[in-house]
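Here is what each chain is made of, one letter per residue.
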Amino acid sequence: MAYNFGKINMNILIRTALFFFLLFPAAAFSAQPATGCHCFRDRTFNPADTFASDGYLLTTVFNSLTASYFSIPKRQIVMLKMKGGVHNEDLLIALYAGSRMGLEATDLLAEKKDGSWQQVLAEKQVPQSLRHDELYNRIREGLPVEDAAGDIIREILNDRFGIMPESFAALVRQGASLREIALIFTLAEHVRTTPETIFSQYHDWGFSWSQIAHNFGLQPADVGKLADSRQAETR
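Residues numbered from 1 in each chain as written. Predicted model: local features only at pLDDT ≥ 70, side-chain atom pairs only at ≥ 80, totals over all residues. Heavy atoms only, no water.

### Quick look at the packing of helix 3 (residues 54-70) against helix 4 (residues 74-84)
Interaxial distance between helix 3 and helix 4 falls to 8 Å at its minimum, and their mutual angle equals 125 degrees. By the criterion of interaxial angle, the relationship of helix 3 to helix 4 is oblique. Both helix 3 and helix 4 take part in a crossing whose hand is right-handed. On helix 4, the residues that touch Thr 59, Thr 60, Phe 62, Asn 63, Ser 64, Thr 66 and Ala 67 of helix 3 are Lys 74, Ile 77, Val 78 and Lys 81. Its residues assigned to classes, the contact of helix 3 with helix 4 shows four nonpolar, five polar and two charged. (Axes fitted to C-alpha atoms, helices over the stretch in contact; angles between N-to-C directions. Helix = DSSP H or I, 4+ residues; strand = E, 2+ residues; numbered from the N terminus. Parallel < 35°, antiparallel > 145°, perpendicular 65-115°, else oblique. Left-handed = near helix turned anticlockwise from the far one by under 90°. Contact = heavy atoms within 4.5 Å. Nonpolar A, V, L, I, M, F, W, Y, C, P; charged D, E, K, R; others polar.)

In structure tokens:
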């Protein structure tokens, strides 16, 4: 009696695949690329868990402001973080240096992978246009990553909202992160109040960032859209 071993093997393969799919449905989908998402489950304000969507809110505002300033698609930033595991500080420096040197941020990030920004930039000739760019040259000379990222965020916020350096410095001293500061200025501009007033609701009153936005009639995604616009809204 002749057996069709190819057909038998195929049947076994199909049954195994179906068994795996039924047993581990989540795993079957986890291999799909997570396009268009930041991998955040909570994207709307939840009164029962007011802090649940804070991560998404802070991230979408930070990404929107960064994309707007450097005139690149927000999706590009999202994919760099999701696929490349790029930290906010390195991303900001790569975008800043790349935009001024006419280089791709992805190429600079690849070069920096096993070294420092000082090493990466020191190997490149300084264009004439950057010889008097104080921040670029400080990064090239070894400015700590955290300080460089802070200066870049301050420049982004100053370009967008015309912030006062003292206000930015005061928030840093009180422990606000770069993402929080970006959100604070975005909300303060929209509701026409001071950044200190926004931060006080979080720091002193114990509100979540999502709750603060909700109290102004905004969902997390709404705040991200506010930050999408290249120019601050005029009224």
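Having seen it, we continue.
### Topic: unusual backbone geometry
The phi dihedral of Ser 71 falls on the positive side, at around 55 degrees, and the residue is not glycine. Of note, Ser 71 is situated in the loop between helix 3 and helix 4. With a relative accessible area of 63%, Ser 71 lands in the exposed category. Phi at Arg 192 takes a positive value of approximately 60 degrees, unusual for a residue other than glycine. Exposure remark for Arg 192: the relative accessible area of 58% places this residue in the exposed category. (Buried < 20%, exposed > 50% of the residue type's maximum accessible area, 1.4 Å probe, protein only.)

### A word on the environment of Leu 92
Position of Leu 92 among the secondary structure elements: in helix 5 (residues 88-101). Through-space distance from the C-alpha of Leu 92 to that of Phe 70 is 9.7 Å; in sequence the pair is 22 residues apart. When residues no more than four places from it in sequence are discounted, the contact partners of Leu 92 are Phe 62, Thr 66, Phe 70, Ala 149, Ile 152, Ile 153 and Ile 156.

### Comments concerning the pattern of salt bridges
A complete count under the given rule lists six salt bridges for this structure. As a salt-bridge pair, Lys 124 and Glu 111 come within 3.1 Å of each other at their nearest N and O atoms. Of the two residues, Lys 124 sits in the loop between helix 7 (117-122) and helix 8 (134-140) while Glu 111 sits in helix 6 (residues 105-112), which places them 13 residues apart along the sequence. Look at Lys 124 and you get buried, because its relative accessible area is 18%. Owing to a relative accessible area of 38%, Glu 111 belongs among the partly exposed residues under this scheme. Asp 151 is the salt-bridge partner of Arg 154, the closest N and O atoms lying 3.1 Å from each other. (Salt bridge = Lys/Arg side-chain N within 4 Å of Asp/Glu carboxyl O.)

### Details of the environment of Ser 99
Tracing the backbone through its elements, the reader meets Ser 99 in helix 5. When the C-alpha atoms of Ser 99 and Ser 71 are compared, they prove to be 9.6 Å apart, with 28 residues separating the residues in sequence. Reaching out from Ser 99, the side chain makes a polar contact with the side chain of Arg 100 at a distance of 3.0 Å. (Polar contact = N/O pair within 3.5 Å; in protein donor to acceptor, adjacent residues only side chain to side chain.)

### Focus: helix 4
Within the span of helix 4, buried status applies to Ile 77, Val 78, Met 79, Leu 80 and Lys 81. Each element contacted by the buried residues of helix 4 is listed here: helix 3, helix 5 and helix 6. Gly 85 sits one or two residues past helix 4 and shows a positive phi near 60 degrees.

### Things to note about the nonpolar core
Ranked by size, the top nonpolar core spans 57 residues in total, and within it Ile 139, Ile 152, Leu 157 and Trp 209 carry the most contacts. Residue contacts for Trp 209: discarding those within four places in its chain leaves Asp 54, Leu 57, Leu 58, Glu 180, Leu 183, Ile 184, Ile 198, Phe 199 and Tyr 202. (Core = buried A, V, L, I, M, F, W, Y, C linked by side-chain atoms within 4.5 Å.)

### Side note on the side chain of Asp 151
Structurally, the position occupied by Asp 151 is in helix 9 (residues 145-161). Only 3.1 Å separates the side chain of Asp 151 from the side chain of Arg 154, close enough to count as a polar contact.

### Looking at the confidence of the model for the protein chain
With 81% of its residues at a pLDDT of 70 or more, the protein chain has an overall mean of 83. Across the protein chain, element-level confidence peaks in helix 13 (residues 209-215) with a mean pLDDT of 97 and bottoms out in helix 2 (residues 25-30) with 33. Confidence drops under pLDDT 50 across residues 12-37; counting only partners more than four residues distant or on other chains, this segment forms 11 contacts. In this model, residues 231-235 is a region of pLDDT below 50 whose contacts with residues beyond four sequence positions or in other chains number 10 contacts. (pLDDT = per-residue confidence, 0-100.)

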